[in-house]
Amino acid sequence: MPFCEVGKTQSSVDAALNNGIQIFYRTYGHGPTKVLLIIGLAGTHDSWGPQIKGLTGTDRPNGDEMMAVDQEPGDGHNEVGGIEVCAFDNRGMGRSSVPTKKSDYTTRIMAKDAIALLDHLGWKKAHVFGHSMGAMIACKMAAMVPDRILSLALLNVTGGGFECFPKFDRKTLSIAIRFIKAKTPEQRAAVDLDTHYSKEYLEEYVGSNTRRAILYQEYVKGITATGMQSNCGFDGQINACWTHKMTRSEIELIHSCEFLVSVIHGRQDVIAQISHARRLAEKLQPVARMVELHGGHLVSHERTEEVNKALLDLINASEMKMSPHDWNNFPKKTSEASSGTFMEGATNIILGKIHFYLLYIFSLFMIAIKHGRSALQRLKPARVGASLT
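Where an unreviewed UniProt entry is consulted, the chain appears under the name Alpha/beta-Hydrolases superfamily protein, with the organism given as Theobroma cacao.

*Asks:* Residues and numbers for the packing of helix α7 (residues 185–196) against helix α9 (residues 211–226), please.
*Replies:* Any two packed helices are characterised by how steeply their axes cross, that is the angle between the axes, and by the distance between the axes. Between α7 and α9, the shortest axis-to-axis distance is 9 Å and the interhelical angle comes to 125°. The angle between α7 and α9 places the two elements in the oblique class. Crossing hand, α7 versus α9: right-handed. Touching Pro185, Glu186, Arg188, Ala189, Ala190, Asp192, Leu193, Asp194 and His196 of α7 are Arg212, Leu215, Tyr216, Tyr219, Val220, Ile223 and Thr224, all from α9. The class makeup of the residues in the contact of α7 with α9 is nine nonpolar, two polar and five charged.

*Asks:* Quick rundown of helix α10 (residues 231–243)? Include the residues and the values.
*Replies:* Here α10 contains 13 residues, and its C-alpha end-to-end distance of 18 Å stays within 8% of the 18 Å for a straight helix at 1.5 Å per residue. Residues Gly233, Gly236, Gln237, Asn239, Ala240 and Cys241 constitute the buried set of α10.

*Asks:* Talk me through the confidence of the model for the chain; I want residue IDs and the actual numbers.
*Replies:* Mean pLDDT over the chain works out to 86, with 81% of the residues at or above the 70 mark. The low-confidence segment residues 334–342, where pLDDT is below 50, has three contacts with residues more than four positions distant or belonging to other chains. Below pLDDT 50 for its whole length, residues 379–389 participates in zero contacts with residues either more than four positions away or in separate chains.

*Asks:* Before we move on, can you summarise the packing of aromatic side chains with the specific residues and values?
*Replies:* Within the structure shown, the criterion is met by five aromatic pairs. The interplanar angle of 75° and the centroid separation of 5.7 Å between the aromatic rings of Phe165 and Trp242 together place this pair among those described as edge-to-face. Remark: Trp242 occurs in helix α10 and Phe165 occurs in the loop between β6 (149–155) and α6 (170–181); sequence separation between them is 77 residues. Between Phe179 and Phe234 the ring centres are 5.6 Å apart and the planes differ by 40°, which places this aromatic pair in the tilted class. Placement of the pair is Phe179 in helix α6 and Phe234 in helix α10, with a sequence separation of 55 residues. For Phe179, a relative accessible area of 26% corresponds to the partly exposed category. Between the NZ or CZ atom of Arg289 and the centre of the ring of Trp327, over which it lies, the distance is 3.7 Å.

Procedures and definitions
- Residues numbered from 1 in each chain as written.
- Predicted model: local features only at pLDDT ≥ 70, side-chain atom pairs only at ≥ 80, totals over all residues.
- Heavy atoms only, no water.
- Axes fitted to C-alpha atoms, helices over the stretch in contact; angles between N-to-C directions.
- Helix = DSSP H or I, 4+ residues; strand = E, 2+ residues; numbered from the N terminus.
- Parallel < 35°, antiparallel > 145°, perpendicular 65-115°, else oblique.
- Left-handed = near helix turned anticlockwise from the far one by under 90°.
- Contact = heavy atoms within 4.5 Å.
- Nonpolar A, V, L, I, M, F, W, Y, C, P; charged D, E, K, R; others polar.
- Expected span 1.5 Å × (residues − 1).
- Buried < 20%, exposed > 50% of the residue type's maximum accessible area, 1.4 Å probe, protein only.
- pLDDT = per-residue confidence, 0-100.
- Phe/Tyr/Trp six-rings, centres within 6.5 Å; stacked < 30°, edge-to-face > 60°.
- Lys NZ or Arg CZ within 6 Å of the ring centre and 35° of its normal.

Here it is, written out as structure tokens:
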């Protein structure tokens, strides 16, 4: 099995901290163009399946003797010599190591995992594409080793912290409660569908069945095969999202290096609000392009063709050395517009913090109910039979 031992390529300090940490990965396709795919919270490397097939023309990992049979000549990036893609399981999920301490999970630490993987593969530079938490890791990685980034794609991303909280409405509260209660692959699959896809997409018919029915079976099968994520892994990855923050100097470093960025987002995403992605794209001006699509949190599956086209456009533009001003699609701002944007940003931050406190209160309420039920069950009197006298 292909594993990267993280500590082997790191400095003595990092190597000591990551002693024994292994990252499971797969590579696909062949060619001089290298692409690193970083998946999000509770996801595994094969969650990138539609993009792996779209970029390389195959979904068979390298080393599989059947790969040549599955190759589709019309796909991939053949006009410039081909693409090699690497996708991996983040620490805390899949076949990678699962540290037990929450402090072993931050986007910076996980970015170092990705850098160690590049070293392990012998890749000096790569296009780095991340989804959700993986996009946060990709951002941090770009600020840490900007000289190794050819381009950056951020799918369904937020800025971390309170921005990780979903929109506060009845639908997302229902999803949150179902997610907390999910203990089986069937329960988890049902709630995952509502978090990953738009309602319209799930209700579409494919033959005699809805997409929801088809995807439900696939999700149950996938979760059963990989197993439910461990509590340590889930709590750790949540900690990475919650503690993530891109400083002003890190943002400035990214756009000063002038590699191109695509921020790709689904308008119906109930997990990562699109307003946060837009704000990040604006901060990354002039190197960022905003791509908004009809779809949910897993827009890479729901709108596969559009997402793959956006990623290939990013690769092609980077290889053609397109200037950032020709790449970005934001209107030029006047001083008045800039002032308005600043005020809007400040308002959004205040609203975001209010939103966070409301969710925090709701979380405390749910915890109180849970513990209250447990206490009542312990105090419930035993049933005694009727007296014979």
